[in-house]
Amino acid sequence: MTALNALLRELEAFGEDNDHSHAQRERRMLNITRDTGELLAVLVQARGVRRLLEIGTANGYSTQWLARATAALGGSVTTVEYAAHKFALAQANFARAGSGASIRALLADAGRVLAEAADGSYDFIFLDSERSQYQAW
């Protein structure tokens with residue numbers, strides 16, 4: 001098993017354990033499933049995505065799937081997280097994975113990032129955040 005695969009398994013377990021022990025949404029990771037990560041990677045590869053924006057980083061689990069797929073195409077992921085504690089956790093996980101070159105992490109409001117992005121800035125946007133905000137964004 002590669003180091004990244006081991007980290008992904010660790011993050012899966014952490015996310016599940018964390019989410020079972022916290023009732024408040026803002027404290028939960030709400031990670032995608034492994035199947036969803038694999039599907040996203042296939043979609044990214046099939047579409048030739050090189051400039052990807054992810055809204056909602058949490059602990060960086062989905063970001064790792066997306067970064068691996070875009071990096072294979074010479075691209076990168078910009079990921080946006082609003083919660084400082086989740087952002088710090090994700091940053092530590094990106095460092096552990098050695099994926100810093102293919103991930104640009106922003107501690108920011110997603111609405112502002114989207115509003116300031118030029119048309120065509122991204123080939124693919126993965127919304128994985130507060131669904132009630134999607135329409136306004």
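Since this is a predicted model, take the numbers as computed values, not measurements.

Summing up its helical and strand segments, the protein has 5 helices and 4 strands in all. Taken over C-alpha atoms, the radius of gyration comes to 14 Å for the protein, in line with the 14 Å a tight globule of 137 residues would show. Each principal axis of the C-alpha distribution contributes one length, and for the protein these read about 40 × 35 × 25 Å. Looking at the protein as a whole, 39% of its 137 residues qualify as buried.

Right, let's get into the sheet that holds strand β1 (residues 51–55). The sheet built from 4 strands is open, its strands ordered β3-β2-β1-β4 with parallel pairing. Edge positions in the open sheet fall to β3 (103–107) and β4 (124–127), since each of these has one partner strand only. Taken over all neighbouring pairs, the strand axes of this sheet differ in orientation by 15° on average, direction set aside. In terms of strand pairing, strand β2 (residues 76–81) meets β3 through 5 bridges, oriented parallel. Bridging from a neighbouring strand, Thr 79 pairs with Ala 105 of β3.

Examined against the element boundaries, Leu 43 turns out to sit in helix α2 (residues 34–47). Placed 87 residues apart in sequence, Leu 43 and Glu 130 show a C-alpha to C-alpha distance of 23 Å.

If you trace the backbone, Glu 116 turns up in helix α5 (residues 110–116). In the structure, Glu 116 is positioned 48 residues away from Arg 68 in sequence and 26 Å away in space, judged by C-alpha atoms.

Once that is clear, we can look at the packing of α2 against helix α3 (residues 61–71). With their axes 9 Å apart at the nearest point, α2 and α3 run at an angle of 30° to one another. In terms of orientation, α2 and α3 fall into the roughly parallel class. The way α2 lies across α3 gives a crossing that is right-handed. Mapping the contact onto sequence places Arg 34, Gly 37, Glu 38, Leu 40, Ala 41, Val 44 and Gln 45 in α2 and Tyr 61, Trp 65, Leu 66, Ala 69 and Thr 70 in α3. Looking at the contact of α2 with α3 residue by residue, the class counts come to 7 nonpolar, 3 polar and 2 charged.

A few words on the confidence of the model for the protein. Across the protein, pLDDT averages 90, with 99% of residues at or above 70. Put simply, helix α1 (residues 3–21) is where the protein has its lowest mean pLDDT, 77, and β2 is where it has its highest, 98.

Time to look at α3. Extensive coverage of α3 is indicated by the burial of 9 of its 11 residues. All of the buried residues along α3 are Tyr 61, Ser 62, Thr 63, Gln 64, Trp 65, Leu 66, Ala 67, Ala 69 and Thr 70.

About the cut-offs
- In this convention, every chain numbers its residues from 1, walking through the sequence in written order.
- Where local features are concerned, this predicted model is filtered to residues with pLDDT of at least 70; where side-chain atom pairs are given and counted, the filter is 80 or more; whole-chain, interface and lining totals use all residues.
- Each side-chain value is derived from all of the structure's non-hydrogen atoms; neither hydrogens nor water enter the calculation.
- To qualify as a helix, a DSSP run of H or I must reach at least 4 residues; to qualify as a strand, a run of E must reach at least 2; elements of each kind are numbered from the N terminus.
- Note that the radius of gyration is over C-alpha atoms, with the globule rule given as 2.2 Å times the number of residues to the power 0.38.
- Think of it in three bands: with a 1.4 Å probe and only protein chains considered, a residue is buried below 20% of the maximum accessible area for its type, exposed above 50%, and partly exposed in between.
- Only when DSSP finds a minimum of two bridges between them are two strands counted as paired.
- Axis geometry follows a simple rule: fit a line to the C-alpha atoms, using only the stretch in contact for helices, then measure angles between N-to-C directions, giving values from 0 to 180 degrees.
- When an angle is under 35 degrees it counts as roughly parallel; over 145 it counts as roughly antiparallel; between 65 and 115 it counts as roughly perpendicular; any other value is oblique.
- Helix crossings fall into two classes, left-handed where the near helix is turned counterclockwise from the far one by less than a right angle and right-handed where it is turned clockwise.
- The contact definition used throughout considers only heavy atoms, calling two residues in contact when any of these lie within 4.5 Å.
- Gly is put with the polar residues, along with every residue not named as nonpolar or charged; the nonpolar set is Ala, Val, Leu, Ile, Met, Phe, Trp, Tyr, Cys and Pro, and the charged set is Asp, Glu, Lys and Arg.
- Confidence of the prediction at every residue is given by pLDDT, a number between 0 and 100.

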